Number of protein chains: 2
Amino acid sequence: MARTTISNVAEEAGVSVSTVSRALRGLDKVNPDTRKRVEAAAERLNFSFSKSASSLASGKTMKVAVLLPNEISSWFNSHAFEGIYEVLSKQGYDVIPNVMWEQRDLDRFFKALPNNQNVDAVIVVSFDLDDDKKRILSELTVPVIGLNNPSDEGFDASARIDDFAAMRSAVRLLHSLGHRNLAYIEQPVTSPFTCSAEARVNGFRAAVREVGYRDEDVLVIPSVKRSGVPGGQEEYSGIAAQLLSAPVRPTGICVEHDGCAAALVKELRRLGWDIPGEVSVIGFDDSDIADITGLTTIHQDPVETGRQAAMRALSLMRGECPETPYGVMPTSMVLRDTTGPAAESEA
Amino acid sequence: MARTTISNVAEEAGVSVSTVSRALRGLDKVNPDTRKRVEAAAERLNFSFSKSASSLASGKTMKVAVLLPNEISSWFNSHAFEGIYEVLSKQGYDVIPNVMWEQRDLDRFFKALPNNQNVDAVIVVSFDLDDDKKRILSELTVPVIGLNNPSDEGFDASARIDDFAAMRSAVRLLHSLGHRNLAYIEQPVTSPFTCSAEARVNGFRAAVREVGYRDEDVLVIPSVKRSGVPGGQEEYSGIAAQLLSAPVRPTGICVEHDGCAAALVKELRRLGWDIPGEVSVIGFDDSDIADITGLTTIHQDPVETGRQAAMRALSLMRGECPETPYGVMPTSMVLRDTTGPAAESEA
DNA sequence: TTGAAAGCGCTAACAT
DNA sequence: ATGTTAGCGCTTTCAA
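It should be emphasised that the depicted structure is a prediction, and the values quoted were computed from it without experimental measurement. (Residues numbered from 1 in each chain as written. Chains lettered and ligands numbered in written order. Predicted model: local features only at pLDDT ≥ 70, side-chain atom pairs only at ≥ 80, totals over all residues. Heavy atoms only, no water.)

### Some words on the relation of the copies chain B and chain A
The operation linking the two copies of the chain is a rotation about an axis combined with a translation along the axis.
Then comes step 1: Once chain B has been moved 0.0 Å along the axis and rotated by 180°, it coincides with chain A to within an RMSD of 0.1 Å. Taken together, the turn and the small shift mark the pair as related by a two-fold rotation axis. Taking C-alpha positions as reference, the residue of chain B nearest the rotation axis is S52 of chain B, located at 2.2 Å.
Then comes step 2: When the interface residues of chain B are mapped onto chain A, 100% of them are again interface residues, pointing to one common binding face. (Least-squares fit on C-alpha atoms with pLDDT ≥ 70 in both. Contact = heavy atoms within 4.5 Å.)

Spelled out as structure tokens, the structure:
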């Protein structure tokens, strides 16, 4: 059977196509009776609009692209996407994930972007864009919204957490617990895109300086710069070794995110370290893993961040100007069982 | 600036629009020189096709809908989606998640489905559909692919794990370890859609019978049928109480999925139970949490399942018939630190 | 190998 | 409040 079109409905209801269009879209200036008749006809014929035809005629695609780094199933990405989806899908938008696996995916996307009339807005999640790309964004006719990007440049609106402030609160906690030597651990195996990783380690560096630690009291263990390696427990024994061989052993440790932190805690305990007795460990995100393993961590709510970004996208697409286009989402410390006073702090 | 259209490119290249269309889509019967000229012109003008216009003219939408229960960020859904996305996006398809939060979302989706020319295929993830909906599916002109659905009825192809076989292997393991009394724990707080939950508990029930347990040696603790309640640790002390108050205390426990299993293990240990000394616990999924908490579990690979479903969608959309339309994906036991021989088994 | 022309199904002026 | 009509940007016969 051929597709039911708007003109079939018009015929069935005994009105013109434009009346059907108006009636079914809930526009005003249509007689309630007529509308009822049209709706009944549409129901009878099981009619639904062709999105392509609507888009082509109206110029609105009712699609929003979401640019995601590395994968969609990571804790942050999937939850941020969830929030975006929740808001936009309720308004009838198709929310289309665009996962960037490598730099060339991103380059290709931006190459096609300037002329792209295939989406009504794009939401960019966790990318540290170069100047070229920022310029492309700023020249775009469709709104571009940032989510957890290091800078708001090029974006018409954004929502993000303050990685700096978050790391500062972690560093302050460790400081107040009397820890004199700190370490920061990056995720052992890196992905091609690592923008929030960088934000955090930079936040940590700035925070320790601010709080008054000397450079020699602070150790940063960078990620092993090869990707694709299975991130097994072995990576963490390497990290433990580095921790042990430090000139002065750090007792307060910040880790890039909960998954790493939990794995590190497990490895250190396996090696006989007492956590939180000897050493304190703080994660980041407050994901399920932090809860189940009793990890002290920094809580953030990516679903809500996603909602905020999407709401700003919505008002921008309506041609409005959001009251607060550039918002910072809160983070908070969650104290669990991996932090405690430094052993020497009483001495 | 107005949008660059195919006719701009045609003008720039000094050819007709149809030639541009052919050249840029890589069709044959176009002179290599002409194609080069067209490509150069397109590049210069930064041209890219309007998907709406292409869809409308060609009848192919280049979109695939993915029907997901409850949320997209759950472990299974996000990983299954990842696999689907990976395969389809590489072929130029937009992959559009459609999350069903409640029954009425599903009803509405199916109501609009029969006439839907807005997607080229739909992939249905983890729904136990009623006969009405199965009938709608089977009458559809676009291919419908199932992913982890209890039945293949109504689907043109599918990929799924065998929850029954998986549970049987878990039950057999516990049996061979000498556990005489088993329990199955459903997720304490339920979501509106619970199709794989049901598959598993049914698999468990069938498996214990098959292996020879008597009904009085088996306890099933159903989920608390209220949704929206925060799934805190309290739920698990309730479960522990039920376990304790059982006529005969179960020593082999299967849990619906890893998240619940880990939380239960934590609670039981807090209450002083020795795991795996006194009691063995087996999860399901082999998610990060199982790894980090040392949980024995049943491994499955939803990304690969998603890939398989998507590949079948692809060949169906091409009008081919997949070699094996209905595939079962493997699962396997992963032994970790929550299972061991029953205490009495030596006696 | 290329071009001309007729739609695809809808929206949005503009009339009435 | 409703109808008429001209496209939206592309694909696809059909001719040349």
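### Details of the interface of chain B and chain A
Then comes step 1: Listed per partner, the contact involves 49 residues of chain B and 49 residues of chain A.
Then comes step 2: Counting each side, the surface lost to burial between chain B and chain A is near 4100 Å², with a carbon and sulfur contribution of 56%.
Then comes step 3: Remark: the boundary between chain B and chain A carries 4 salt bridges.
Then comes step 4: K63 of chain B is paired through a salt bridge with D94 of chain A; the nearest N and O atoms lie 3.8 Å apart. (Buried area = accessible area lost by both parts, 1.4 Å probe. Salt bridge = Lys/Arg side-chain N within 4 Å of Asp/Glu carboxyl O.)

### Observations regarding the pairing of strand 2 (residues 94–100) of chain B
Residue and element names in this part refer to chain B.
Then comes step 1: In terms of burial, strand 2 is largely enclosed, as 7 of its 7 residues are buried.
Then comes step 2: Judged by which residues are buried, strand 2 turns out to be covered on both faces: D94, I96, N98 and M100 on one side and V95, P97 and V99 on the other are all buried.
Then comes step 3: Running through helix 5 (residues 75–90), the crossover from strand 1 (residues 63–69) to the neighbouring parallel element strand 2 is right-handed. (Buried < 20%, exposed > 50% of the residue type's maximum accessible area, 1.4 Å probe, protein only. Helix = DSSP H or I, 4+ residues; strand = E, 2+ residues; numbered from the N terminus. Right-handed = clockwise from strand over helix to strand, strands pointing away.)

### Some thoughts on the protein's contact with DNA strand C
Then comes step 1: Taken together, 23 residues lie near DNA strand C, and I6 and S21 of chain A together with T19, R22 and T34 of chain B sit nearest.
Then comes step 2: When atoms of DNA strand C within 4 Å of the protein are sorted by moiety, sugar and phosphate together comprise 69%.
Then comes step 3: One of the backbone N or O atoms of I6 of chain A is found 2.4 Å from a phosphate oxygen in DNA strand C.
Then comes step 4: At 2.6 Å, a side-chain N or O of T19 of chain B approaches a phosphate oxygen of DNA strand C.
Then comes step 5: Elements with a contribution of two residues or more to the surface near DNA strand C: helix 2 (17–24) and helix 4 (51–58) of chain A together with helix 2 (17–24) and helix 4 (51–58) of chain B.
Then comes step 6: The element contributing the most residues to the surface near DNA strand C is helix 4 of chain A, with 4 residues.
Then comes step 7: Partitioned by chemical class, the residues of the surface near DNA strand C number 9 nonpolar, 11 polar and 3 charged. (Near = heavy atom within 4 Å. Polar contact = N/O pair within 3.5 Å; in protein donor to acceptor, adjacent residues only side chain to side chain. Nonpolar A, V, L, I, M, F, W, Y, C, P; charged D, E, K, R; others polar.)

### Looking at the environment of S16 of chain A
Residue and element names in this part refer to chain A.
Then comes step 1: Relative to the helices and strands, S16 is located in the loop between helix 1 (6–13) and helix 2.
Then comes step 2: Taking C-alpha positions, S16 is 72 Å from L174, a pair spaced 158 residues apart along the chain.
Then comes step 3: There is a polar contact of 3.1 Å between the side chain of S16 and the side chain of S18.

### Considering the UniProt feature "domain: HTH lacI-type" (unreviewed entry) in chain A
Then comes step 1: Mapped onto this numbering, the UniProt entry annotates "domain: HTH lacI-type" (unreviewed entry) at residues 4–58 of chain A.
Then comes step 2: Along residues 4–58 of chain A the backbone is 69% helical and 0% strand, and the end-to-end C-alpha distance reaches 20 Å. (UniProt positions renumbered as here; feature names shortened; annotations may be inferred.)

### A look at the domain arrangement of chain A
Residues and elements named next belong to chain A.
Then comes step 1: Taken domain by domain, chain A consists of domain 1 (63–161 + 302–329) and domain 2 (163–300 + 333–345).
Then comes step 2: A separation of 30 Å is found between the C-alpha centroids of domain 1 and domain 2.
Then comes step 3: Contact residues are listed per partner, giving 16 residues for domain 1 and 12 residues for domain 2.
Then comes step 4: In this assembly, domain 1 packs against domain 2 so that about 1100 Å² is buried in total across both faces, 64% of it on carbon and sulfur atoms.
Then comes step 5: Across the contact surface, domain 1 and domain 2 share 0 salt bridges.
Then comes step 6: Applying the counting criterion to the domain 1 and domain 2 interface returns 2 residue pairs in polar contact (both at pLDDT 80 or more).
Then comes step 7: When residues of the side of domain 1 that touches domain 2 are traced back to their parent elements, those giving at least two are helix 5 (75–90) and helix 6 (103–112). (Domains from an automatic or database assignment.)

### Digging into the environment of R44 of chain B
Then comes step 1: Along the chain, R44 of chain B falls in helix 3 (residues 32–45).
Then comes step 2: On a C-alpha basis, the gap between R44 of chain B and E12 of chain B in space is 9.1 Å, while along the polypeptide they are 32 residues apart.

### Observations regarding the sheet that holds strand 11 (residues 326–329) of chain B
Residue and element names in this part refer to chain B.
Then comes step 1: Spatially, 6 strands are ordered 2-1-3-4-5-11 in an open sheet, and the strand pairing comes out parallel. Each edge of the sheet is formed by a strand with only one pairing partner; in this case those strands are strand 2 and strand 11. Neighbour-to-neighbour, the strand axes of the sheet open up by a mean angle of 15°, direction not taken into account.
Then comes step 2: Summarising the sheet, strand 1 and strand 2 pair through 7 bridges and their orientation is parallel. Bridge assignment links L68 to a residue of strand 2, and that residue is V99. (Pairing = 2+ DSSP bridges. Axes fitted to C-alpha atoms, helices over the stretch in contact; angles between N-to-C directions.)

### A few points about the protein's contact with DNA strand D
Then comes step 1: Surrounding DNA strand D, one finds 23 residues, the nearest of these being S18, T19 and T34 of chain A together with I6 and S21 of chain B.
Then comes step 2: Within 4 Å of the protein, the atoms of DNA strand D are drawn from sugar and phosphate moieties in a proportion of 67%.
Then comes step 3: Within the backbone of S50 of chain B, a nitrogen or oxygen atom sits 3.3 Å from a phosphate oxygen of DNA strand D.
Then comes step 4: Note that a sugar or linking oxygen of DNA strand D is positioned 3.1 Å from one of the side-chain N or O atoms of S54 of chain B.
Then comes step 5: Of all the secondary-structure elements, those providing two or more residues to the surface near DNA strand D are helix 2 and helix 4 of chain A together with helix 2 and helix 4 of chain B.
Then comes step 6: In terms of residue count, helix 4 of chain B provides more of the surface near DNA strand D than any other element does, 4 residues in total.

### Topic: the side chain of K63 of chain A
Then comes step 1: Take K63 of chain A: it is sitting in strand 1 (residues 63–69).
Then comes step 2: Residue classification places K63 of chain A among the buried positions, given a relative accessible area of 7%.
Then comes step 3: Setting aside residues up to four positions removed in sequence, K63 of chain A forms contacts with Y93, D94, I96, N118, V119, D120 and A121 of chain A together with K51 and D94 of chain B.

### A closer look at the sheet that holds strand 9 (residues 280–282) of chain A
Residue and element names in this part refer to chain A.
Then comes step 1: Strand order in the open sheet made by the 4 strands is 7-6-8-9, with parallel pairing throughout. Since the sheet does not close on itself, it has two edges, and those belong to strand 7 (218–221) and strand 9, each with one partner. Within this sheet the neighbouring strands show an average axis-to-axis angle of 15°, counted without direction.
Then comes step 2: Bridge count between strand 8 (residues 252–255) and strand 9: 3 bridges; the pairing is parallel. Note on strand 9: the bridge partner recorded for I253 is V281.
Then comes step 3: Of the strands in this sheet, strand 6 (182–185), strand 8 and strand 9 are in contact with helix 8 (residues 163–176), which crosses strand 8 at around 165°.

### So, the side chain of R312 of chain A
Residue and element names in this part refer to chain A.
Then comes step 1: Looking at the element boundaries, R312 is found in helix 13 (residues 302–317).
Then comes step 2: Buried within the structure, R312 lacks any salt-bridge partner; E323 is the closest side chain of opposite charge, at an N-O distance of 5.7 Å.
Then comes step 3: For R312, the contacting residues outside a window of four places in its chain are A157, S158, A159, P322, T324, P325, Y326 and G327. (Lys, Arg positive; Asp, Glu negative; His and termini not counted.)

### Section: the packing of helix 10 (residues 234–244) of chain B against helix 11 (residues 258–270) of chain B
Residues and elements named next belong to chain B.
Then comes step 1: At a minimum axis separation of 9 Å, helix 10 and helix 11 run at an interaxial angle of 70°. Judged by the inter-axis angle, helix 10 sits roughly perpendicular to helix 11. The way helix 10 lies across helix 11 gives a crossing that is right-handed. The segment helix 10 lies against helix 11, with Y236, S237, I239, A240 and L243 engaging C260, A263, L264, E267 and L268. (Parallel < 35°, antiparallel > 145°, perpendicular 65-115°, else oblique. Left-handed = near helix turned anticlockwise from the far one by under 90°.)

### Some thoughts on the packing of aromatic side chains
Residues and elements named next belong to chain A.
Then comes step 1: For the structure on display, the rule yields 10 aromatic pairs over all chains.
Then comes step 2: Between F109 and F110 the ring centres are 6.1 Å apart and the planes differ by 65°, which places this aromatic pair in the edge-to-face class. For the residue pair F109 and F110, the accessibility class agrees, reading buried in each case.
Then comes step 3: On the basis of an interplanar angle of 75° and a centroid distance of 5.0 Å, the ring pair of F127 and F193 is categorised as edge-to-face. Of this pair, F127 sits in the loop between strand 3 (121–125) and helix 7 (131–139) while F193 sits in the loop between strand 6 and helix 9 (195–211); the two residues are 66 residues apart in sequence, bridging distant segments of the chain.
Then comes step 4: The cationic tip of K133 hangs over the ring face of F110; the distance from NZ or CZ to the ring centre is 5.8 Å. (Phe/Tyr/Trp six-rings, centres within 6.5 Å; stacked < 30°, edge-to-face > 60°. Lys NZ or Arg CZ within 6 Å of the ring centre and 35° of its normal.)

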